[in-house]
Each structure stands twice: as structure tokens, then as C-alpha cells.
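Close look at the chain arrangement
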There are 2 protein chains.
Amino acid sequence: MATDSSPTSTDFHVFDTTLRDGAQREGVSYSVADKLAVARLLDEIGVGYIEGGWPGAMPKDTEFFARARTELPLKHAQLVAFGATRKAGVAVAEDPQVAALLEARTPVVCLVAKSDVRHVREALRTTLEENLAMVADTVAHLVAHGRRVFVDCEHFFDGYAADPDYGVRVLEAAFGAGAEVGVLCDTNGGMLPMTVGRVVADVRARTSGKLGIHCQNDTGCAVANTLAAVEAGVTHVQGTANGYGERAGNADTFVLIANLVTKMGLPVVPAECLPELQRVSHAIAELANIAPDDHQPFVGGSAFAHKAGLHASAIKVSPQLYNHLDPAVVGNDMRILVTEMAGRASVELKGRELGVDLAGQGDAIGRVVDQVKVLEADGWSFEAADASFELLLRAQLPDAPPPLFELESYRVSVEHWGNGLVVSEATVKVHVDGERIIRTAEGNGPVNALDNALREALVDRYPQLAGVALADFKVRILGWKGGTGATTRVLVDTTDGTGEWTTVGVHDNIVEASWHALVDALTYAVRHR
Amino acid sequence: MATDSSPTSTDFHVFDTTLRDGAQREGVSYSVADKLAVARLLDEIGVGYIEGGWPGAMPKDTEFFARARTELPLKHAQLVAFGATRKAGVAVAEDPQVAALLEARTPVVCLVAKSDVRHVREALRTTLEENLAMVADTVAHLVAHGRRVFVDCEHFFDGYAADPDYGVRVLEAAFGAGAEVGVLCDTNGGMLPMTVGRVVADVRARTSGKLGIHCQNDTGCAVANTLAAVEAGVTHVQGTANGYGERAGNADTFVLIANLVTKMGLPVVPAECLPELQRVSHAIAELANIAPDDHQPFVGGSAFAHKAGLHASAIKVSPQLYNHLDPAVVGNDMRILVTEMAGRASVELKGRELGVDLAGQGDAIGRVVDQVKVLEADGWSFEAADASFELLLRAQLPDAPPPLFELESYRVSVEHWGNGLVVSEATVKVHVDGERIIRTAEGNGPVNALDNALREALVDRYPQLAGVALADFKVRILGWKGGTGATTRVLVDTTDGTGEWTTVGVHDNIVEASWHALVDALTYAVRHR
């Protein structure tokens, strides 16, 4: 049996399945680039395993694993491919789905196996013995090809209620063939912690292999069920970022890690990773295009916020009396105390991170803090837009360079013609070093046309812009105000082939919001690349 | 000691504090009329007690209790006023805050008492003995005035960790003076179920009074902590609607009730109330002006939604294999998501759900499956857009109605003028029943302008559109293809005041994608509302 080479999870696995089971959440649809970015972020919080998808079943996942081999150097985690046991009545070596799992070339494979007699009979429509053979054959085949194998026992707890022995036989078939972990799954999510704890304890007494737990949140107890299983002896826990998943979601990886480390004293991730939880949680929400939940335990924007009231001064004197944890431990802060002092400290910290020397720049720091407060109240967010923040910061310093150009006006149009053609066109009028430049360009959407026209207007003066291209574009509608519209936030990722940077724009009008982000993107390219 | 006169909670109390502790949630601000409406809704789900607010401390709450006497006939619940024990060093009869509690004229009063030695010393700045006297005096005074009294022991669990005896002394002071329930509060929310269960069991062994539990959700375990306390013997549980509350919120009353009744077999509300849970949950979300959480256990819009795919036929035959509960029990339903993997079975199931009779329509079903596959490969997604899916489905039936209008052309422009103004304008040219109609409108963005122009063009022929408005608008950029742009998916939520429906549009051009969703939204309003 292979040993776990991850530095921190030799004994205890944190196994994240955001990219596989979490992608079942309604409305979530990651591109391959998104999946690679999510995997990098998960690695930063020190999880031991990242389940990337189901190669073969989903073309996007096959591509993800192919690109992961060159584009995904992981520091902490091992990459895992997910798949099913061989089909009933088919030799394992001839099952194309199993072949696709090997072709993904991951160190670990996680197989899903039926462990509820009713599902074997009614969904799989095969015999209990054939299902055991399917588990054993597939595990043995993958192990023979050098893979470490984990087995998800689907519907384990419901199956245990129907027949407490069959699930154990599935586990034994898996362990006997060389599987390293048998994961007990509450697939329908209907369990409570007392039941989970009791079943895990019973199964542990009857098997000798390493056990894991996978909980859905249909009773609102996914986290507690997972912790009850840990108390009963499992040493492998599955979760998804922010609890994303089908129906009521999965156990939340961030909340699990925070509880395991800070409440149960289990160092399941490297100590230096814990303060990354909040940042990674928010960054993955951005990639999934889901508004972060302010009320999420530990990492939510309000998780340590106090309504300033009777106890404000008491909180200030003895914060530990009013917080269950020092928020900094998970990278959060106690918002009631975000005074100008705390704001200044974070601006200084951020400046240092960006390589901007702020020593002796007290006034500039104060102006940045004020400006960020005003902008964030209007919906701007610099968490994901480092390049816009750096421009804002440098604009307050004594040697701040002038803008690349002055805008006179722009016009963008979209026309749907009688012949069905849809045409976008933009004209920009700008002044560059005293010269008035007018350029018109087309695009396949209003923002693309505007981007093209602006580049054409600037490229003679700033030839380096010829090598710069938009890499991604995200739109979030904020604070819908009824029939009259809403505020729109646009994030633009830009690349020059060697690096990528992100800029932000906010406005009631999506085109104007995009314009702000585009101008920042090109300014950053000229000034700081 | 008074006896509980509520018909269903003689032994077990469900105590809802949405209107008091739940109102601590950031951004929530109820009017008095809202509070009366929330109380009526909570009564419909059969809770035993509704804590309405803090009379005296909050003028709005004083008014609420005054109006409740005539405007709030409750069927199941008793109304509760919340307040604090008398001030240190003040006679209880002379404490105006205690007088205000009596003036609220509720059958029950819930008092908050300090039960952590550090809070007594550092926040209250008094002696441990004086705090006990404050509890006993205030309870006795209220009981003497005919009130039933419950006592919330604030910070009980943190206090127990610091000094396991003092909290029990507070409970004994309360019970000795005539309090009916002593509530153990995890005020900072940092507990896990194993600790809660252990502490409750210990306290139960050392006191003879009725115990209650109040949990905050800072570890994501508020529901599980409450259930652990029930297992250890408490018979009074506190929660808030949808878990609203400070920081990560409180235990969710709806999830608690659903778990207690369906998982633990405790009939804590009358049987006829359980199917009201979903409706009441959503109605209170509306009153609080918070978007309902689709992923909320039991009552969320997605709580029983399945991405049908591979298992649609199995779900059709045996839904109980894939649901932890019959959704109808809590007033929810099993929504089948139409996804890329949709087969004939899921289309049929979905048709049944939408009330479209597909019996004998085998060809139509086949055409729908083919069309969905092609559209979803292009980035369309019907899982959140039931109205667009229903239009697509009905268009394949023999009696499909013609489109509302024929588009000749449209034009949308956004201009950023020299004076800094940003202006959006749209013109549409359409044919309605043979008549050519041209309308131009402005908006605060390109889509808003287009929506306004299209409505103006159609409203004479379809006057019902005058009462229809956009409720929300979501944009997702899919499959970015580098500098040339990307596919954009737009989801539009539309309302006519009595219901909401969602439509989808996909195109390389965000304006054209929005156009598709807008046309579906208005077509659905005319044909199916």
C-alpha cells in the first residue's frame, strides 16, 4: 500500500471535492481554467487531496487532468481522479470508464461503489455478489497499475439501516483488493450526529481499514456529522469549499478545517495555512460566481462582526469574552474594531506585499484608507483586484505618474439587424500627450468593441500594449434595486504572456463599469509590467 | 409555577426568537407591522413561544407589544417579552427596565442573566453574589406579578469551562425564585455537539428544573448542538427563522422543527403545521428583505433538487432511494434539474412538475431532448430557468401558440459624453399582429434601456405587461476564448407581484443574450401567468 507523501496529512486526510461533488451545485459551471485556479487555491490551505473531476465521463474533466500535469504544481495536495467501479458483467480491463481513470495519470483514484442493497438491486440492477466483484476487480486493477485507491461507499448510512452487514462486506472487498481508505458516505444527507457516531463506531469495530466520512447537509448537520465521525475514529474527511454541492450542499471544507484545528486540536493542515482560509474562501466564491455568504462560520464577512451597542467598550477591552476565537487565526477580522488604525495597518501590509515602500507616507496611507472606504461602500471590491488597488495606492504617492490619456468621450452600440446579424461597434475619442485621437472598432460584444477601440487609440504611443490581451472577464450584479436596474461590478483579468493581473470597475451601467476595469488593466500593463 | 397552556408544547417547548435575537442580524430592520406579520407566520407553524422584543429598551418593541394585544390573536403560541435582570445595587421595584417588562403584559417573560464569572466581573462589574441576587429578585418580582418566567443564562458554556459551578448556582437562584425554564446559552457560538451534550448531562444531574438550549452558529453546528442538548435532556429549544442572527446566525427554527419531528420522532408542533414550513420560511425572508437561501436544508428551493442525468429513471421509479425525506412533509417539492445529461425520463418528470401533459407526445419529448442537448452544449442552462424550459417544451406541442411579436431590428447605444454623463438608449422595431411598431427608451444601462423599449412596444397589445417588472438579473461569462470575447449567459427573474419566474439567454454578445431572456420573460408573462 502506498504511503501518504503529503507533509501534513500522513495520519489525517483532508480531502476536498469542490471540483467534483461540489460542482453538482446548481448554477455552478467551471471552465478548465477556473478548475485549475480553484485547485491552486485549495493547495494554499494545505488540504491533503484534491478531487479534480471524473475523467472520461466529462470532457472538461479529461482536459483538466491533462493540463494539470504541466500547469498544476501542487505544494501540499495530491491530485485525485474520481470514477465508478467497472460495469456489471464487463471485464475491468475492457471498461473504457476505468481506462479513462488510468489515463488521467493521478497518484490517487477515488472510486464510487454502491453499498446499499436497495441501490444495488434497484438502481444498478445487478446482484449483491457481482457488485462486490466489481469493487474488488476495479480496486485491484488500479492498484496493479500503481494507483493509490480510495473507495466512496455511496448511501452507506441508509444502507446500514436497511442491512448493517452489506456495507461492511463492500468495505472488506475494497480493503482486500488494496484500497487504502473506505469512505462512509451520507449521500442523501439525512443523518444526525448521534447516528453517524454510532454507525462509525460499529463499523470500526468490524473492519481494520482506514475509514473516511463524506456528509451532505440535508439536515443542516454536515459539519457536525463529520466531526462526530472523527470522534468515532475516522481519519479522512471530505468537504467542499464553502459547502458547495447538490441540494443543501456538502460539509464545508473551511469550517471543517477551522473546527478540527481550533476546537479539536487536530493539526490537519500546516500551521501557516490556517490564516489563508478566509482569502481562499472568497476567491473560490468569485471563481464560482457565487456571492460570498457573509454569515458563513469562521470566514464570512460578518462571522466576527458585532453590532456596536451596549458592549462596544467591553468588547474593546476584552474581545476574548465576546469572540469564540481570535478571528486572525483564520484570516478574518472583528469588524467592529476596524477603525482607521486597523485600516492603516492593512494598507501598509498590502503595500509591502506589492513592493510599494510606504515608509514615511502617513498622509498617503490615510488618503488610501478613506478612498477605499468610500469605494467599497459603493460596491467596489479590491480583494480580487490587486492591480487596481496598486494603481489606487501609487496614485497617492508623491511621484505618481500622470494617467496614460484623457478621455473626451466614447460611444458603443449593439445592433440586431433585419438579417439576424448582431453587430457591436465602439468609437473612443482620447487625448494622448496633447494629441486628439479618434478610433472606431468592432467586437463581438460591447465591451470587446470598446477594448479594441481603446487599444487602437493607445498602441502607437504605448507599443507594449500590442502584446497584452484580456484573459477573463467576470460580471457580478450587486444590490438589485427593482425595475430601475442595479450596480454592476466587473473584474477583468489581463495577460502579457508572462503574467496575469486583475482590475475592477463598478457602475450602474455595465459598459461604464467595464471601461473602468479596462483602463486600469492597460494602465497597469504600461506602468508596472 | 404556571403550567404551559399551549396545546402542543406542554412537555416540549419550541421557542422562537426571530423578532428579538434574530433581529441582531446585520441589515435586518423590521417595522412594527413587519413584526406583527412575522409573529402571525410563526404561529402558523405551531411554535409554543414567540419572543417579540425588548420592551423599554427599544421603542419599536414597546409599540409591538401594545399593538399585539389587539392585533395578534395567536392560535398556538404564547407571546414573550425579553429583558434583563435588575441593575446591580437597584431595588427591583425601582428598575424602569423591569417595570417596562410588566407593562408589555405578556403571559411569559424571558430574562437574560449573566452566568459566566468573567462577564459578571468584567462586563457587569459587580460581585458574583450580587448577580445571584439580581436573578432571584427579578424572577420573584415578575412571578409575584403573575408572569411565567424563563431565564436565558448568557455565556453558559464558556462560563462552565471557566467555573463549572457558578452557572449552576445561577440556575438554582432562578428556579428557587420561581423560574420555569433555565436556558443554557452558547452566546459566542464556539461549542461543538460533544461538549454541549456533556455539559448539559452534567448540569441536568445537578439541578432539577426544566432546561433549555440556545445556540449560535459560529462553528456551523447550531442545529446539531441544539439536538445534542435535546438528546441530553433539554425540553426547550430556541431558534430563529432561517437562522437569522448576529455573526453566523442562530439555530434555524425550521430546520430544528423538521429534524425534531421527522428524524427524532418528537411531535413538537401540531402535525398539520409541518407542511407550512417552506411557505413560512420564504414569507419571513420576504419580510426581512433577504433573498431566500436555495440551499437551506428542508425548505430551500434546491433542498430536494436533483441533477437528474444518469439516475433520472431510477429516481422516477424509487424517489425514496434518492431523498432523505418526502419533500411534501415540509411543504417542499422534488425539483428535477434539466441538465446536459437530461434524458427522456427527466423531461417527462419535469413536464409533470410544470403541469404539461406529455402523454402520447413521444415525438415532442424526443425533439425537446435533442434541443436541450444542442442548447446546453452552447452554454444554455435550464436548471435555474424553468420558465424558458416550459416555453421550449410547449413550443413542441401540437397546440403551440405563435410568438408575441416578430423582431425586425433593435439598436442599443451607450455613450460617455464629454461632460462625464453616461447615457443608454435603445430602439426596437417589431411587428405585432401585422402592425409595425417602433419605440425608443432610455435606461441606466443597455439592458434596462432595451427592456423599457420592448415593453413600450408591446404594452398596448398586451396590457398585462404593465404589471410585470424585472426582479433580478444575473450574468455569467462562460468559456472565455481569449482576446476575441466569450459566451455570456444571462438569467432574468421577473415578477408580476404574485409570483416570480426565471428565463435564460445565451450569446457571444451580452446584449443579445439579455434580449433572449427578456423576450422569454415577457412571453411567459402573457401566455402562462
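None of these values were measured; they are calculated from a predicted model.

1. A few points about the overall build of chain A
Across its full length, chain A carries 17 helices and 14 strands. Here the C-alpha radius of gyration of chain A, 27 Å, is about what a compact globule of 529 residues would show, namely 24 Å. Summarising its shape, the C-alpha atoms of chain A cover approximately 80 × 70 × 45 Å along the three principal directions. Per-residue burial over chain A gives 53% buried out of 529 residues. Taking as baseline every contact in chain A between residues at least 6 positions apart, the subset at least 24 positions apart corresponds to 68%.

2. Quick look at unusual backbone geometry
The backbone of R125 of chain B shows a phi angle near 55 degrees, a positive value even though the residue is not glycine. Classification of R125 of chain B as exposed rests on a count of 9 C-beta atoms within 10 Å.

3. Some words on the sheet that holds strand β11 (residues 406-416) of chain B
The strand order across the open sheet formed by six strands is β11(A)-β10(A)-β9(A)-β11(B)-β12(B)-β13(B), and the pairing between neighbours is antiparallel. Only two strands of the sheet have a single neighbouring strand rather than two, namely β11 (435-443) of chain A together with β13 (435-443) of chain B. For this sheet, the mean inter-axis angle between neighbouring strands, taken without regard to orientation, is 10 degrees. The sheet contact formed by strand β12 (residues 422-432) of chain B and β13 of chain B spans nine bridges and is antiparallel.

4. Thoughts on the interface of chain A and chain B
Counting residues at the interface gives 88 residues for chain A and 94 residues for chain B. Looking at the side of chain A that touches chain B, the element that brings in the most residues is strand β9 (residues 406-416) of chain A, giving nine residues. Two elements, β9 of chain A and β11 of chain B, share seven bridges in a ladder whose sense is antiparallel. Paired with E415 of chain A across the strands is R411 of chain B, a residue of β11 of chain B.

5. Brief notes about the sheet that holds strand β6 (residues 181-186) of chain B
Read around the closed barrel, eight strands run β1-β2-β3-β4-β5-β6-β7-β8 (chain B), paired in parallel fashion. Sheet twist, expressed as the mean angle between neighbouring strand axes with direction ignored, is 25 degrees.

6. So, the nonpolar core
Counting 203 residues, the largest nonpolar core has V151 of chain A together with V151 of chain B as the members making the most contacts within it. Counting 97 residues, the second-largest nonpolar core is a separate cluster that includes V492 of chain A together with V372, A385 and I477 of chain B.

7. A look at the environment of T226 of chain B
Residues and elements named next belong to chain B. On the secondary structure map, T226 appears in helix α9 (residues 222-231). We classify T226 as buried; it has 28 C-beta atoms within 10 Å. Separated by 108 residues in sequence, T226 and R118 have C-alpha atoms that sit 24 Å apart.

8. A look at the packing of helix α15 (residues 386-394) of chain A against helix α17 (residues 510-528) of chain A
All names here are of chain A. Remark: α15 packs on α17, axes separated minimally by 10 Å, with the N-to-C direction vectors making an angle of 70 degrees. With respect to α17, the axis of α15 lies roughly perpendicular. Of the two possible hands of crossing, α15 and α17 adopt the one that is left-handed. Of the residues in α17, those touching α15 at A387, S388, E390 and L391 are D520, T523, Y524 and H528.

9. Side note on the pairing of strand β14 (residues 500-507) of chain A
Residue and element names in this part refer to chain A. With seven of eight residues buried, β14 lies mostly within the body of the structure. Note that strand β13 (residues 487-495) and β14 share eight bridges and pair antiparallel. Paired with R489 across the two strands is V506, which belongs to β14. From the end of β13 to the start of β14, which pair antiparallel, there are four residues, and G497 there has a positive phi angle of about 95 degrees.

10. As for the domain arrangement of chain A
As assigned here, chain A comprises domain 1 (13-288), domain 2 (312-394) and domain 3 (406-528). Here the residues of the side of domain 2 of chain A that touches domain 3 of chain A are counted per class, giving six nonpolar, three polar and three charged.

11. Quick notes on helix α17 (residues 510-528) of chain B
Helical geometry: 3.6 residues make up each α-helical turn, so side chains three or four residues apart lie on a common side. Helix length check: α17 of chain B, at 19 residues, gives a terminal C-alpha distance of 26 Å against a target of 27 Å (1.5 Å per residue), a fit within 8%. In terms of burial, α17 of chain B is a largely internal element, 15 of the 19 residues being buried.

12. Describing the environment of D21 of chain B
All names here are of chain B. Tracing the chain through its elements places D21 in the loop between β1 (13-16) and α1 (32-44). By C-beta crowding, D21 is classed as buried, having 25 other C-beta atoms within 10 Å. D21 sits 477 residues away from T498 along the chain, and the two C-alpha atoms are 30 Å apart. In this structure, D21 is in contact with T240, G245 and N250, ignoring residues within four places of it in sequence.

13. A few points about the pairing of strand β6 (residues 181-186) of chain A
Residue and element names in this part refer to chain A. Counted residue by residue, β6 has six buried out of six residues, so it is predominantly covered. Across six bridges, β6 lies against strand β7 (residues 210-215) in parallel orientation. Within β7, the position partnered with V183 by the bridge is G212.

14. Some thoughts on the packing of helix α8 (residues 193-206) of chain A against helix α9 (residues 222-231) of chain A
All names here are of chain A. Taken N-terminus to C-terminus, the directions of α8 and α9 make an angle of 30 degrees; their axes are 8 Å apart at the nearest point. Compared by their axis directions, α8 and α9 come out roughly parallel. Relative to α9, α8 is oriented so that their crossing is right-handed. Two secondary-structure elements touch here, α8 through P193, V196, G197 and V200 and α9 through A224, N225, A228, A229 and E231. Partitioned by chemical class, the residues of the contact of α8 with α9 number six nonpolar, two polar and one charged.

15. Things to note about the confidence of the model for chain A
All names here are of chain A. Here chain A shows a mean pLDDT of 89. Residues at 70 or above account for 91%. Low pLDDT, under 50, characterises residues 1-9; the stretch is placed with 20 contacts to residues that sit more than four places away or in other chains. Scored below 50 in pLDDT, residues 336-342 shows 11 contacts in the model against residues more than four places distant or in partner chains.

Cut-offs used in this document
- Residues numbered from 1 in each chain as written.
- Chains lettered and ligands numbered in written order.
- Predicted model: local features only at pLDDT ≥ 70, side-chain atom pairs only at ≥ 80, totals over all residues.
- Helix = DSSP H or I, 4+ residues; strand = E, 2+ residues; numbered from the N terminus.
- Rg over C-alpha atoms; globule rule 2.2 N^0.38 Å.
- Buried ≥ 20, exposed ≤ 12 C-beta atoms within 10 Å, placed from the backbone.
- Contact = placed C-beta atoms within 7 Å.
- Pairing = 2+ DSSP bridges.
- Axes fitted to C-alpha atoms, helices over the stretch in contact; angles between N-to-C directions.
- Core = buried A, V, L, I, M, F, W, Y, C linked by C-beta atoms within 7 Å.
- Parallel < 35°, antiparallel > 145°, perpendicular 65-115°, else oblique.
- Left-handed = near helix turned anticlockwise from the far one by under 90°.
- Domains from an automatic or database assignment.
- Nonpolar A, V, L, I, M, F, W, Y, C, P; charged D, E, K, R; others polar.
- Expected span 1.5 Å × (residues − 1).
- pLDDT = per-residue confidence, 0-100.

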